[in-house]
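Breakdown of the fold
In case you want the letters, here they are:
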Amino acid sequence: MKKATFYILNSNNIQNGLTAIETLVCNLVNLFWRNKKRILISCENKKQAYCLDEALWLYPANTFIPHNLVGEKINYSAPIEIIWPQHSHNYSKQDILINLLPQFTNLVTVFDEVIDFVPYEKKILKELARQRYKTYRGLGFQLSAVYQ
């Protein structure tokens, strides 16, 4: 069964130039990667993608998480790939989608496991998260929530 986990944030602290959600993404990527999962991170835009790319080089300290931005010419397949809208891609290689897009995307239907977020502030973004939640439920995803 497909499953979606919503992480509900209790703050929006900016730390080292990253939002609370972006910091959590780095933590989750580290955890999933250590459990041998292949991850696709779908960012809102190119700027966020590059920000997470830089963060994964530095975070966590003394750890290397192999990753790349979509379209980078590399000789191997990195277990973590970062994309943003306007890029087509073969998504069959990844196990988990970390979705940072504010609106629902059909991209989630390709995955058996999706991670999504409910921000602490910004009422409109919370409402968009509720709409995504309802859509996942309508598609038959098993839903869960984790409070951060």
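Turning to the sheet that holds strand S6 (residues 113-118), a few remarks are in order. Pairing between the strands of a sheet is mediated by backbone hydrogen bonds and can be parallel or antiparallel. Taken together, the 7 strands give an open sheet; going across it, the order is S3-S4-S2-S5-S6-S1-S7, and neighbouring strands pair in parallel fashion. With partners counted over all chains shown, the strands left at the sheet margins are strand S3 (67-69) and strand S7 (142-147), one partner each. Averaged over all pairs of adjacent strands, the angle between their axes in this sheet comes to 20°, without regard to strand direction. Across 3 bridges, strand S5 (residues 96-99) lies against S6 in parallel orientation. For Ile96, the partnering residue across the bridge sits in S6 and is Glu113. Lying on the sheet, helix H1 (residues 20-34) is in contact with strand S1 (3-8), strand S2 (39-42), strand S4 (80-83), S5 and S6; it crosses S6 at an angle near 160°.

Take the environment of Val29 next. Structurally, Val29 is set in helix H1. Separated by 10 residues in the primary sequence, Val29 and Ile39 have C-alpha atoms spaced 7.3 Å apart. Excluding residues within four positions of it along the chain, Val29 makes contact with Ile39, Ile41, Leu56, Ile65, Ile80 and Ile98.

It is worth spelling out a nonpolar patch on the surface at this point. A cluster of nonpolar side chains, contributed by Trp57, Leu58 and Phe64, occupies part of the molecular surface with about 370 Å² of accessible area. In this fold, Phe64 is placed in the loop between helix H2 (46-58) and S3. Taking relative accessible area as the criterion, Phe64 reaches 46% and is therefore assigned partly exposed.

Of all hydrophobic cores here, the largest spans 43 residues; its most connected members are Val25, Val29, Ile41, Ile98 and Phe117. Listing elements by their share of this core, those giving two or more residues are S1, H1, S2, H2, S4, S5, S6 and helix H3 (123-138). The greatest single-element share of this core, amounting to 8 residues, is contributed by H1. Apart from the residues within four sequence positions on either side, Ile41 is in contact with Val25, Val29, Leu52, Leu56, Ile80, Glu81, Ile82, Ile83, Ile98 and Leu100.

Reading the values: the criteria
- Residues numbered from 1 in each chain as written.
- Predicted model: local features only at pLDDT ≥ 70, side-chain atom pairs only at ≥ 80, totals over all residues.
- Heavy atoms only, no water.
- Pairing = 2+ DSSP bridges.
- Helix = DSSP H or I, 4+ residues; strand = E, 2+ residues; numbered from the N terminus.
- Axes fitted to C-alpha atoms, helices over the stretch in contact; angles between N-to-C directions.
- Contact = heavy atoms within 4.5 Å.
- Patch = residues over 30% accessible without salt bridge, like charges linked within 9 Å, V, L, I, M, F, W, Y side chains within 5 Å.
- Areas by Shrake-Rupley, 256 points an atom, 1.4 Å probe, with all protein chains shown as cover.
- Salt bridge = Lys/Arg side-chain N within 4 Å of Asp/Glu carboxyl O.
- Buried < 20%, exposed > 50% of the residue type's maximum accessible area, 1.4 Å probe, protein only.
- Core = buried A, V, L, I, M, F, W, Y, C linked by side-chain atoms within 4.5 Å.

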